[in-house]
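Structural description and commentary
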Number of protein chains: 2
Amino acid sequence: MSSHGQAAWELLLPAVGAPARRRGRALQEALREAVRSGRLIAGTRLPSTRELAADLGVSRGLVTEAYEQLTAEGYLRSDRGAGTWVGEAARARRADRSRTADARHGPGPDCGTPVRGAHGPGPETSRVRVDFRPGTPDLSLFPRAAWAAAQRAVLTRLPHPALGYPDPRGVPELREALAGMLTRRRGVVADEERLVVCSGVAQASTLLGFVLRARGLDAVGIEDPGSPEHGRLFASTGLDTVWLPLDEEGLRTGPLAASDVRAVVVTPSHQFPSGISWSAERRADLLDWARTVDGYVLEDDYDGDFRYDRAPVGALQGLDPERVVYAGSVSKSLAPGLRLGWMLVPEALLGEVVERKRTMDLGNPVLDQAVLAEFVTRGGYDRQLRRCQRAYRERRDALLAALAEHLPGTRVSGIAAGLHVIARVPGDYGPPERFLARAAEAGVALRRLEEYGTARPADGDVRLVIGYAHLAPSAVTAGIRLVAEAVGRG
Amino acid sequence: MSSHGQAAWELLLPAVGAPARRRGRALQEALREAVRSGRLIAGTRLPSTRELAADLGVSRGLVTEAYEQLTAEGYLRSDRGAGTWVGEAARARRADRSRTADARHGPGPDCGTPVRGAHGPGPETSRVRVDFRPGTPDLSLFPRAAWAAAQRAVLTRLPHPALGYPDPRGVPELREALAGMLTRRRGVVADEERLVVCSGVAQASTLLGFVLRARGLDAVGIEDPGSPEHGRLFASTGLDTVWLPLDEEGLRTGPLAASDVRAVVVTPSHQFPSGISWSAERRADLLDWARTVDGYVLEDDYDGDFRYDRAPVGALQGLDPERVVYAGSVSKSLAPGLRLGWMLVPEALLGEVVERKRTMDLGNPVLDQAVLAEFVTRGGYDRQLRRCQRAYRERRDALLAALAEHLPGTRVSGIAAGLHVIARVPGDYGPPERFLARAAEAGVALRRLEEYGTARPADGDVRLVIGYAHLAPSAVTAGIRLVAEAVGRG
């Protein structure tokens, strides 16, 4: 299992990719930071020096030195012969920063930060061997060679003035390329005049939040279940969020009408986390509601590009571009670290959104925008989506097969699209708390559906949101087998 | 003068850098956009098709076609034989967007958007041949080859996990590289734990503004004269701005103490626009004040790297890192389009600033950050600064010589550093309004010092803020000669 452990520890300790001469220092710094930020919480047992050295591919002496140094500094505590744990000191001192860290695992929609474990023991309390938390694509699929070629082409051809202060809406060639791509792939009405390049769906949410708040709104509705991170983003703009119940067709019309919100965030193409696609009727109902209350809909099309067994579902925005703000990004298709996304904005909001974008950052970096334009225009983006789709379908199939073999009786839904599924494990495998505790002890990081909404079904089943896209098929299989062994079936 | 005209029109019509097959469409789109956005205002006379074709290096037929198309669409109007003008229609329709456009000329500090001409006729009313408005570096000095090499190196070595959701504070290797560089070059206390990568000084202002507003502040003091753009950025966070008078040593202590602000933005190393360097006494006074009122200082170190005739002045932040938020960027040293900058944040504000950065955009793009880290670490940044410094000193010297020759009697100050000077032209050249109108008619874009503050001296002199860094020495000389000819001396 060393390879899965490695993946997790590399995520936790990214600085180990530093040049050899700085590696010792980088490891210490990364460990220190992981403790400070709360990514490694007090009481977490660290792997042995031998194990961690093997996982990270560094010398054991370097790990030993790091453990000793950090123990001396109070970040770690060590019981001779019994192992090394994360200490209590650092976390208390910087508790206020904990929410800013660990943005590595987005919760699904492109919002960056995870739901923190308020529901039983998290995987942090033991070593993470397989991480099924949703939100991250497979970063090894990033097309480095093609991206490098696009970078070269851009630096060769870009005229000097294009390096000046950008248009806050984005560079024209990217807006044109994206408008074409989105029209073709997602069925949106993508007038490039309405397209605003932004850093992703998280920024789109914040931009829209500020604009709606300035217009006097005080709350936004979010899907239940949905992504609590939307709530945190809107809170930063002064807006409350209101959970609105979902059924198997989409947002329930009655509770929506009864609420007094005038804006909602939805994921109609592949609802996060339930995986449903909204019915045509509910889409129409939502737009009727928006027109009636003079409201707006933010459509978070976080993974609309990934379809396996069915025809693509067109975006809601195509039905009413004056009521729907459409937002998407390259975070699932290329890499979240690029921080590149887009919004299609109703005419009535456009000026305010662009002015807000301007005061936030004056616009996205121009070279990145030009590179993406080049990449889209030359067909690289379509090729990348096909490549991801093949890889992710294979992993999904591995997940379904592993669940059927090792946890029979599990019902899976939301499987036709996206980067995650919902798995409902029957109560025969033990009560949910014990199931999750055992999985965590075995080093498997899982998220419960209950973390994403208000429902608390008492039927004894364990409802999981399983992200699989970032894991090799063998890791998917191994992870499910580990869970099954841990809960007493295997 | 065609080369200067070309420079201006290329800025205005950047899309003409498009591939040949799309050039006609790109030109039309760029013209349309220039009109819509207010960059070309109603009544502006366009160059002849022959002139514009020559300036842009495209065929005359393509320009003719663009003029005809846009005339048909109502953007332009044409009087046979008398020329082509910008029409009235488009602007009225989208007047609300005008402030978002023309971010190409920053006002000096790295804030992006220009002061709009409320003071007499702007250069937009005729063709701009030489543009002395401050704020833009010479974009042709951008080190394309070295940047491309750093991009290649980064894409080769970066570990996969580094492409995931970033740390909102920035990637560790860049924070380390910047901390070292800033400590060495600017005399700051640059603990990398306090360093937050951001998109530039504009974003630093907005981030800090939100944090201060949440702490109950309702206004920020700005230098008079200073940059009104700071006011617009803070307004977007709910903060008012208060002008605080400057003298030749820095902010006057009395009015500062008498104001009820608890935060100020200052440019002590090379005050914008006056060009003074704050005295040691005023620096100490400011920090005393900050400690007394439990306040904060935002130090906008927008061009602190450029020194010609004197030793560098260390940053204010080095004197009290718990009271000074230090902000800088690559906008003047590399290119504003990169949107990369940094802040050093007092411990007491750090958690709030980072959380605000997270909700704004989750952090800056990781590849850009890694490339800058590579560039700084390999010595490329120091080389670039030396190169710019040589080029800009030569241009400053050309400006001083041209003013002495063509507008004798002009007093120049703020000449030891930065990318602009203050020129005080005596009243013998005519009253200020006529002087500026004539210069504008001659195609020379100038900004008056009065645009940057509240002072309205009645002595009849013309006070100009002249940016020279983006102009070749020959253009600098030609521009001043044009002004002299236009005002009746040459």
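Only a predicted model underlies this, so the values are computations on that prediction, with no experimental measurement involved.

Remarks on the overall build of chain A
Secondary structure assignment for chain A yields 16 helices and 16 strands. Burial analysis of chain A (490 residues in total) assigns 65% to the buried set. Counting only contacts in chain A whose residues sit at least 6 apart along the sequence, the fraction spanning at least 24 positions is 74%.

So, the sheet that holds strand β8 (residues 263-266) of chain A
Neighbouring strands of a sheet are bound in pairs by backbone hydrogen bonds; such pairs are parallel or else antiparallel. All names here are of chain A. On the basis of which strands lie adjacent, the open sheet formed by 8 strands has the order β4-β11-β10-β9-β8-β5-β6-β7 and mixed pairing. With partners counted over all chains shown, the strands left at the sheet margins are β4 (195-198) and β7 (250-251), one partner each. The strands that helix α7 (residues 172-186) touches are β4, β10 (324-329) and β11 (341-344); relative to β4, the one it contacts most, it runs at about 105 degrees. Contacting β4, β9 (296-300), β10 and β11, helix α12 (residues 347-361) crosses the sheet at an angle of about 25 degrees to β4.

Overview of the sheet that holds strand β13 (residues 420-425) of chain A
Residues and elements named next belong to chain A. The strand order across the open sheet formed by 4 strands is β12-β13-β16-β15, and the pairing between neighbours is antiparallel. The strands lining the two open edges of the sheet, one partner per strand, are β12 (411-413) and β15 (447-448). In terms of strand pairing, β15 meets strand β16 (residues 462-467) through 2 bridges, oriented antiparallel. Within β16, the position partnered with Arg448 by the bridge is Leu464.

Some remarks on the nonpolar core
Of all hydrophobic cores here, the largest spans 151 residues; its most connected members are Leu372 and Phe435 of chain A together with Phe435 of chain B. Counting 54 residues, the second largest nonpolar core, distinct from the first, contains Val265 and Tyr296 of chain A together with Leu239 and Val325 of chain B.

Here's the deal with the environment of Leu208 of chain B
Among the structural elements, Leu208 of chain B can be located in helix α8 (residues 201-214). Leave out the neighbours within four places in its chain, and Leu208 of chain B touches Leu298, Val325 and Leu349 of chain B.

What about the packing of helix α6 (residues 144-157) of chain B against helix α13 (residues 366-377) of chain B?
Residues and elements named next belong to chain B. Following both chains from N to C, one finds α6 and α13 inclined at 115 degrees, their axes separated by 9 Å at the closest point. Our pair here, α6 against α13, has a crossing hand that is right-handed. Residue-level contacts link Ala146, Trp147, Ala150, Gln151, Ala153, Val154, Leu155 and Arg157 of α6 to Leu367, Ala370, Val371, Leu372, Glu374 and Phe375 of α13. In the contact of α6 with α13, the residues fall into 11 nonpolar, 1 polar and 2 charged.

Looking at the packing of aromatic side chains
Scanning all chains against the criterion turns up 9 aromatic pairs over all chains. Taking 4.9 Å as the distance between ring centres and 20 degrees as the angle between the ring planes, the aromatic pair formed by Phe210 of chain A and Phe210 of chain B counts as stacked. Note that Phe210 of chain A is positioned in helix α8 (residues 201-214) and Phe210 of chain B in helix α8, a pairing that runs across two chains. Judged by its relative accessible area of 8%, Phe210 of chain B is buried. Taken together, a centroid distance of 5.6 Å and an interplanar angle of 90 degrees make the contact between Phe272 of chain B and Tyr302 of chain B edge-to-face. You can see Phe272 of chain B sitting in the loop between β8 (263-266) and α11 (280-293) and its partner Tyr302 of chain B sitting in the loop between β9 (296-300) and β10 (324-329), a full 30 residues away along the chain. By relative accessible area, Tyr302 of chain B is classed as buried at 7%. In textbook terms, an aromatic cluster arises when at least three aromatic residues are bridged by ring pairs, as seen for Phe142, Trp147 and Phe375 of chain A. When the ring centre of Tyr296 of chain A is taken as origin, the NZ or CZ atom of Arg323 of chain A, which lies over that ring, is 5.4 Å away.

Observations regarding the side chain of Asp138 of chain A
Relative to the helices and strands, Asp138 of chain A is located in the loop between β3 (130-131) and α6 (144-157). Once residues lying within four places of it in the same chain are set aside, the contact partners of Asp138 of chain A are Tyr392, Arg395, Ala469 and His470 of chain A.

Remarks on unusual backbone geometry
In the segment running from Asp224 of chain A into Pro225 of chain A, the intervening peptide bond is cis, with an omega of 5 degrees. With respect to the element layout, Pro225 of chain A can be found in the loop between β5 (219-224) and α9 (228-235). With an omega of 5 degrees, the peptide bond between Phe272 of chain A and Pro273 of chain A qualifies as cis. If you trace the backbone, Pro273 of chain A turns up in the loop between β8 and α11 (280-292). Despite not being glycine, Asp294 of chain A has its phi angle at roughly 55 degrees, a positive value. Mapped onto the elements of the fold, Asp294 of chain A is located in the loop between α11 and β9. The phi dihedral of Leu362 of chain B is positive, around 70 degrees, even though this residue is not glycine. Tracing the sequence through the fold places Leu362 of chain B in the loop between α12 (347-361) and α13.

Focus: the pattern of salt bridges
All names here are of chain A. By the definition in use, this model includes 58 salt bridges over all chains. For the salt bridge of Asp459 with Arg424, the shortest nitrogen-to-oxygen distance reads 2.9 Å. You can see Asp459 sitting in the loop between β15 and β16 and its partner Arg424 sitting in strand β13, a full 35 residues away along the chain. Note on Asp459: relative accessible area 38%, which makes it partly exposed.

A few points about the packing of α12 of chain A against α8 of chain B
The N-to-C vectors of α12 of chain A and α8 of chain B enclose an angle of 95 degrees; their axes lie 5 Å apart at closest approach. On the basis of their axis angle, the class for α12 of chain A and α8 of chain B is roughly perpendicular. Residue-level contacts link Arg356, Thr359, Met360 and Asp361 of chain A of α12 of chain A to Ala202, Gln203, Thr206 and Phe210 of chain B of α8 of chain B. Split by residue class, the contact of α12 of chain A with α8 of chain B holds 3 nonpolar, 3 polar and 2 charged.

Overview of the pairing of strand β13 (residues 420-425) of chain B
Residues and elements named next belong to chain B. For β13, the tally of buried residues reaches 5 of 6 residues, placing the bulk of the element in the interior. Summarising the sheet, strand β12 (residues 411-413) and β13 pair through 3 bridges and their orientation is antiparallel. Residue pairing across strands places Arg411 opposite Arg424, the latter belonging to β13. Between the end of β12 and the start of β13, which pair antiparallel, lie 6 residues, with Gly414 showing a positive phi angle near 70 degrees. As judged from the 6 bridges shared by β13 and strand β16 (residues 462-467), these two strands associate in the antiparallel manner. Paired with His420 across the strands is Gly467, a residue of β16.

Observations regarding the confidence of the model for chain A
Residue and element names in this part refer to chain A. Summing up the model confidence of chain A, the mean pLDDT is 85 and the portion of residues at 70 or higher is 84%. Counting contacts from residues 1-8, a segment whose pLDDT is below 50, to residues more than four positions away or on other chains yields 16 contacts. If you check the scores for this complex, the pTM reads 0.78 and the ipTM reads 0.77.

With respect to α12 of chain B
Residue and element names in this part refer to chain B. The first and last C-alpha atoms of α12 sit 22 Å apart over 15 residues, in line with the 21 Å expected at 1.5 Å per residue. Counting buried positions along α12 gives 12 out of 15 residues, so the element sits mostly inside the fold. Buried within α12 are the following residues: Leu349, Leu350, Gly351, Val353, Val354, Glu355, Arg356, Lys357, Arg358, Thr359, Met360 and Asp361. Positive backbone phi, approximately 70 degrees, marks Leu362, located one or two places after α12.

Examining the environment of Ala486 of chain A
Considering the arrangement of structural elements, one finds Ala486 of chain A in helix α16 (residues 473-486). For Ala486 of chain A, the residues in contact, after removing those within four places along its chain, are Arg438, Ala439 and Ala442 of chain A.

Structural notes on a positive patch on the surface
A cluster of basic residues, Arg383, Arg386, Arg387 and Arg390 of chain A, forms a positive patch at the surface. Checked against the element boundaries, Arg386 of chain A lands in helix α14 (residues 380-406).

Here we look at the environment of Glu248 of chain B
Considering the arrangement of structural elements, one finds Glu248 of chain B in the loop between β6 (240-247) and β7 (250-251). Taking the C-alpha atoms as reference, Glu248 of chain B lies 8.6 Å from Ser274 of chain B; in sequence the two are 26 residues apart.

Rules used in this analysis
- Residues numbered from 1 in each chain as written.
- Chains lettered and ligands numbered in written order.
- Predicted model: local features only at pLDDT ≥ 70, side-chain atom pairs only at ≥ 80, totals over all residues.
- Heavy atoms only, no water.
- Helix = DSSP H or I, 4+ residues; strand = E, 2+ residues; numbered from the N terminus.
- Buried < 20%, exposed > 50% of the residue type's maximum accessible area, 1.4 Å probe, protein only.
- Contact = heavy atoms within 4.5 Å.
- Pairing = 2+ DSSP bridges.
- Axes fitted to C-alpha atoms, helices over the stretch in contact; angles between N-to-C directions.
- Core = buried A, V, L, I, M, F, W, Y, C linked by side-chain atoms within 4.5 Å.
- Left-handed = near helix turned anticlockwise from the far one by under 90°.
- Nonpolar A, V, L, I, M, F, W, Y, C, P; charged D, E, K, R; others polar.
- Phe/Tyr/Trp six-rings, centres within 6.5 Å; stacked < 30°, edge-to-face > 60°.
- Lys NZ or Arg CZ within 6 Å of the ring centre and 35° of its normal.
- Salt bridge = Lys/Arg side-chain N within 4 Å of Asp/Glu carboxyl O.
- Parallel < 35°, antiparallel > 145°, perpendicular 65-115°, else oblique.
- pLDDT = per-residue confidence, 0-100.
- Expected span 1.5 Å × (residues − 1).
- Patch = residues over 30% accessible without salt bridge, like charges linked within 9 Å, V, L, I, M, F, W, Y side chains within 5 Å.
- Areas by Shrake-Rupley, 256 points an atom, 1.4 Å probe, with all protein chains shown as cover.
- Lys, Arg positive; Asp, Glu negative; His and termini not counted.
- Charge placed at Lys NZ, Arg CZ, Asp CG, Glu CD.

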